[in-house]
Amino acid sequence: MIGVEEVEGRAQHSPERPFLSVENLAVQFKTEDGIVQAVDGVSFSLERGKTLAIVGESGSGKSVTAQAVMGLVKAMGGIVSGEIWLDGQELNGLSPAEVQALRGAEMAMIFQDPMSSLHPFYRIGDQIVEAIMAHRKVGKGAARKEALEMLKHVGIPAAERRIDAFPHQLSGGMRQRVMIAMALINSPQLLIADEPTTALDVTVQAQILELIRRLQGEFGTTVIMITHDLGVVADVADDVAVMYAARIVEQAPTSETYYHAQMPYTLGLLASIPRMDRGQQDRLDPIPGNPPSPIHLPPGCVFQPRCKYWEQVPESAGHCKTDRPELLASGAGHSVRCLLPTDARRQISQEVLQSLRGEG
Amino acid sequence: MSDGANGQILNVTDLHTYFPIKSRGLIPRTIGQVKAVDGIDLALASSETLGLVGESGSGKTTAARSILRLVEPTSGQIELDGQDITHLNSSAMVKVRRKAQMIFQDPYTALNPRHTVGGIIAAPFRVQKVEPPGGVRAAVMELMERVGLNPEHFNRYPNEFSGGQRQRIGIARAIALRPRLIVCDEPVSALDVSIQAQILNLLKDLQREFGIAYLFVAHDLSVVRQVSHRVAVMYLGHIVETASQEVIYAAPLHPYTHSLLSAIPIPDPAQQKKRNRILLQGDLPSPINPPSGCVFRTRCFQAQEKCAAEIPPLVELEPGHKVACHFPIAKPPESVVVSTTEEDEAVMAARRDSGPVDSGAMPH
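Note that residues are indexed from 1 along each chain, following the sequence as it is written. Going through the entries in the order they are written, you letter the chains from A and number the ligands from 1. Residues qualify for local features only when their pLDDT is at least 70, as the model is predicted, and side-chain atom pairs are given and counted only at 80 or more; totals for whole chains, interfaces and linings, by contrast, use all residues. Calculation of side-chain values draws on the structure's entire complement of heavy atoms; hydrogens and water are dropped beforehand.

A. Looking closely at the overall build of chain B. What counts as a helix is a DSSP run of H or I of at least four residues, what counts as a strand is a run of E of at least two, and both are numbered from the N terminus. If you tally the helices and strands in chain B, you get 12 helices and 14 strands. Rg of the C-alpha trace for chain B: 22 Å, near the compact-globule value of 21 Å for 364 residues, within the 12% margin. Looking at chain B as a whole, 55% of its 364 residues are labelled buried. In chain B, the proportion of contacts linking residues at least 24 apart, taken out of those at least 6 apart, comes to 65%. In this tally Asp and Glu are treated as negative and Lys and Arg as positive; neither His nor the chain ends contributes. In this description, the location of a charge corresponds to atom NZ of lysine, CZ of arginine, CG of aspartate or CD of glutamate. Distance between charge centres in chain B, computed from 37 positive and 37 negative side chains, equals 7 Å. Each radius of gyration is computed over the set of C-alpha atoms, and the globule rule expresses the reference value as 2.2 Å times the number of residues to the power 0.38. Each residue is placed in one exposure class: buried if its accessible area under a 1.4 Å probe, protein chains only, is under 20% of its type's maximum, exposed if it is over 50%, and partly exposed if it falls in between. Contacts between residues were defined by any pair of non-hydrogen atoms, one from each residue, lying within 4.5 Å.

B. Representation of the interface of chain B and chain A. Contacts between the two partners involve 57 residues from chain B, matched on the other side by 50 residues from chain A. Of the roughly 5,000 Å² buried where chain B meets chain A, counting both sides, 52% is carbon and sulfur surface. Where D235 of chain A meets R277 of chain B, a salt bridge forms, and the shortest distance between an N and an O atom there is 3.2 Å. Two N or O atoms form a polar contact when they lie within 3.5 Å of each other; inside protein one atom must be a possible hydrogen donor and the other a possible acceptor, and for residues adjacent in sequence the pair counts only when both atoms belong to side chains. Applying the counting criterion to the chain B and chain A interface returns 14 residue pairs in polar contact (both at pLDDT 80 or more). Looking at the side of chain B that touches chain A, the elements that each hand over two or more residues are α6 (193-210), α7 (221-227), α8 (245-250), α9 (255-263), α10 (269-274) and α12 (345-354) of chain B. Take the side of chain B that touches chain A: its biggest share by element is 11 residues, from α6 of chain B. Partitioning the side of chain B that touches chain A into residue classes produces 25 nonpolar, 18 polar and 14 charged. Once two parts are joined, some of their accessible surface, as seen by a 1.4 Å probe, is lost; buried area is that loss totalled over both. Note on definitions: salt bridges are taken to be side-chain nitrogens of Lys or Arg within 4 Å of carboxyl oxygens of Asp or Glu. Gly is put with the polar residues, along with every residue not named as nonpolar or charged; the nonpolar set is Ala, Val, Leu, Ile, Met, Phe, Trp, Tyr, Cys and Pro, and the charged set is Asp, Glu, Lys and Arg.

C. Broad picture of the sheet that holds strand β2 (residues 30-45) of chain B. Residue and element names in this part refer to chain B. When DSSP finds two or more bridges between two strands, those strands count as paired. One open sheet holds the 4 strands; their spatial order is β2-β1-β4-β5, and the pairing between them is antiparallel. Each having just a single partner strand, β2 and β5 (83-84) make up the two edges of the open sheet. The pairing of strand β1 (residues 8-22) with strand β4 (residues 75-80) spans 5 bridges and is classified as antiparallel. Bridge pairing in β4 links N11 to E79. Note on geometry: axes are lines fitted to C-alpha atoms, helical ones only across the stretch in contact, with angles between N-to-C directions running from 0 to 180 degrees. This element, helix α1 (residues 60-67), spans β1, β2 and β4 of the sheet and lies at about 115 degrees to β1.

D. Fine view of the environment of P96 of chain A. Residues and elements named next belong to chain A. Mapped onto the elements of the fold, P96 is located in helix α2 (residues 96-102). The class of P96 is exposed, set by a relative accessible area of 67%. C-alpha separation for the pair P96 and V36, spaced 60 residues apart in sequence, amounts to 23 Å.

E. Representation of the pattern of salt bridges. In the structure shown here, the tally under the stated rule is 22 salt bridges over all chains. If you follow the salt bridges from partner to partner, you end up with E210, R213 and D235 of chain A together with R277 of chain B in one network.

F. Representation of the pairing of strand β4 (residues 79-86) of chain A within the structure. Residue and element names in this part refer to chain A. Relative to β4, strand β1 (residues 20-31) runs antiparallel, the two being bridged by 7 bridges. Note on β4: the bridge partner recorded for E23 is E83. The sheet contact formed by β4 and strand β5 (residues 89-90) spans 2 bridges and is antiparallel. Paired with W85 across the strands is E90, a residue of β5. Hairpin connection of β4 to β5: 2 residues between the antiparallel strands, including D87 at a positive phi of 50 degrees.

G. Structural view of α9 of chain B. Counting buried residues in α9 of chain B gives 9 out of 9 residues, a clear majority hidden from the surface. Taken as a whole, α9 of chain B has its buried residues at P255, Y256, T257, H258, S259, L260, L261, S262 and A263 of chain B. Residues of α9 of chain B that are buried in the fold lie against α7 (202-219) of chain A together with α7, β9 (230-235), β10 (238-244), α8 and β11 (276-278) of chain B.

H. Examining the side chain of S66 of chain B more closely. The topology assignment puts S66 of chain B in helix α1. Exposure remark for S66 of chain B: the relative accessible area of 0% places this residue in the buried category.

I. The arrangement of the nonpolar core in detail. Ranked by internal contacts, the top residues of the largest apolar core, which has 67 residues, are I171 and F216 of chain B. Top element by residues in this core is α6 of chain B. It accounts for 7 residues. Each residue touching I171 of chain B, except ones within four places of it in the same chain, is listed here: I103, V147, I199, L202, L203 and L206 of chain B. Residues belong to one nonpolar core when they are buried, are Ala, Val, Leu, Ile, Met, Phe, Trp, Tyr or Cys, and are joined through side-chain atoms within 4.5 Å. Core analysis: the next-biggest nonpolar cluster, separate from the first, contains 41 residues, I110, M150, V154 and M225 of chain A among them.

J. Examining unusual backbone geometry more closely. At A245 of chain A, a position not held by glycine, the phi torsion is positive, near 45 degrees. Its place among the elements puts A245 of chain A in the loop between β9 (239-244) and β10 (247-253). Classification of A245 of chain A by relative accessible area gives buried; the value is 11%. We note that E186 of chain B has phi near 45 degrees; this positive angle belongs to a residue other than glycine. With respect to the secondary-structure elements, E186 of chain B resides in the loop between β7 (181-185) and α6. Assessed through its relative accessible area of 8%, E186 of chain B is described here as buried.

K. Local environment of the sheet that holds strand β6 (residues 107-110) of chain A. All names here are of chain A. Pairing within the open sheet is mixed, and its 8 strands lie in the order β6-β7-β8-β3-β9-β10-β12-β11. Strands with a single pairing partner mark the edges of an open sheet, and in this sheet they are β6 and β11 (327-329). Sheet twist, expressed as the average angle between the axes of neighbouring strands with direction ignored, equals 20 degrees.

L. Structural view of the packing of helix α3 (residues 117-128) of chain B against helix α5 (residues 163-175) of chain B. Residue and element names in this part refer to chain B. Where α3 meets α5, the axes come as close as 7 Å, and the angle between the chain directions of the two elements is 30 degrees. When the interaxial angle is binned, α3 and α5 end up roughly parallel. Where α3 crosses over α5, the two elements pack in a sense that is right-handed. Residue-level inspection shows V117, I120, I121 and P124 of α3 in contact with α5, the latter providing I169, A172 and R173. Working rule for angles: under 35 degrees goes down as roughly parallel, over 145 as roughly antiparallel, 65 to 115 as roughly perpendicular, anything else as oblique. Left-handed describes a crossing in which the near helix is turned anticlockwise from the far one by less than a right angle; the clockwise case is right-handed.

Purely geometric numbers; function is a separate question.
Shown next, in the form of structure tokens:
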């Protein structure tokens, strides 16, 4: 594949390997219209107890990346390549049964729609009990007691009564809490949250983010938060990976992303959002055009057709229309996929972010 | 500008929309009512945008639909461009729709998949039997051009367009007959942020060009701020606070507005960490059985005995700033504010002590 970045030293089982390390992950789906490269050469790593936010618009591959880590993509007919190391164990090479044993115990996932995890016919307590007994040798009574404790812990009011409720009897925020309780019942080390608050109202969203933060502090869980909401990212993340058209285009610590973003796409996103904390702007500064079709990606930089700055790339640095840029380091913990020279990127970044601040 | 009687496009007085709940069985009886909209007043002038915000279940969408009589209001009066349209029959309403149009949330279901884009945008001309100068086709192509679509795509079908482009189609159809009022129901909430900004800019440009008044219904307060001149905050069928955009965001007085604003994460990590937040307990109560007195009292940090006994009227506390609260407050007390930097122990302890509020979301 062109554009796949190089992975440094494929050392087997290095003790230095971070808690979660995804290396050169690629996912393909065969469709009637051709092969869709949903994820292309994605690498990231995450230390224990930290939160990584993966940001991107619909179709950017952020959810598929998460599903690949959870071992859910193969069942959907996807072809997964690359390596996924969780706590010293490589997951992509495991059998489906082995991954299933890890899922729910070592790693768990919560979704935008709680009804995708909750069975509509069973009482929520029974579903949590089942999740406990699937992974641990515990008696039913003890499991139920544990389920009740967890429901209280995630802030379900009148948990003694609600443990026997069916999912449809609960509000959206309550269901989200039940799903979180179920995901965390076996104390997983890794929690992947795919747009966990997108369907919720802001006041409930604040409650749920607060809950995830608190539980993460208590259990030391490592979290991958997938979202399109840059406000949520600023609230929860330690690091941010921005995805566009199946690849990571910029990755940096959170404050670096907001104050020193370098990739024109990230800057475009920051300029697109209306801001509560600044006065009303006359006009927003949106990214022109639409995201590319995943089947017909531009041959060069995937963002070039919407980029305002591609003509500023000097001859010597390459051609945005034909050369796929690689994700290269540009400062501490900061990497960027862009052909613009570093100085030019920093200059553009400063101008854009300053003008955004100036609007207030 | 909002009070100018001359430029007034829309005047809604004491609007109620209740949905009956029927019993099961052979002869269904009405056994209750969902009070989706429970007595609201709205006024809107030309070239003005009124943002109607609230959480799901607040009644904002029902209010918007009732105003265009897509849902029949139970009582109240709706005056559009000086004409009382509350009780017009459906053929008379067809004429009214020339002046008042709607843009929907979901660009995927708002367009008929079997009609070409040209046909969809031409529908208002057909229905209203209007022959634009130069012919329908030319007018449609001009509209497509105006909203940023390629006029050559006249014969394509909706499935060939992305979400943002479909929303542009919906907008082209809505502005075809140069309406005085467009009701926008969550027009950008299904769109990606980069596309959302394009659509918001387009709506603003069209307003400037044609003097359209927008009733802009949305749950996203940042989006509402970007487009609105005035904002009305709804909670459980009632307007609890309304003021100019500047005042609502900078100096709200209703406890609910405070909570709502404080809950929105700001895309700036340093600021977000410094911010103080009010974490509201529980969910929206059921509109079938709303709390007595003030509807917000079950989740309110200001609530006192009076709030359960008396319904607070919407009163003008400052010129143009109306609040429905017995105990309006300029700055929430320290005790209800959660600082993000302080760790959550204190919060959780307080939450356990006070006991969670049963929201009544569970049917009994």
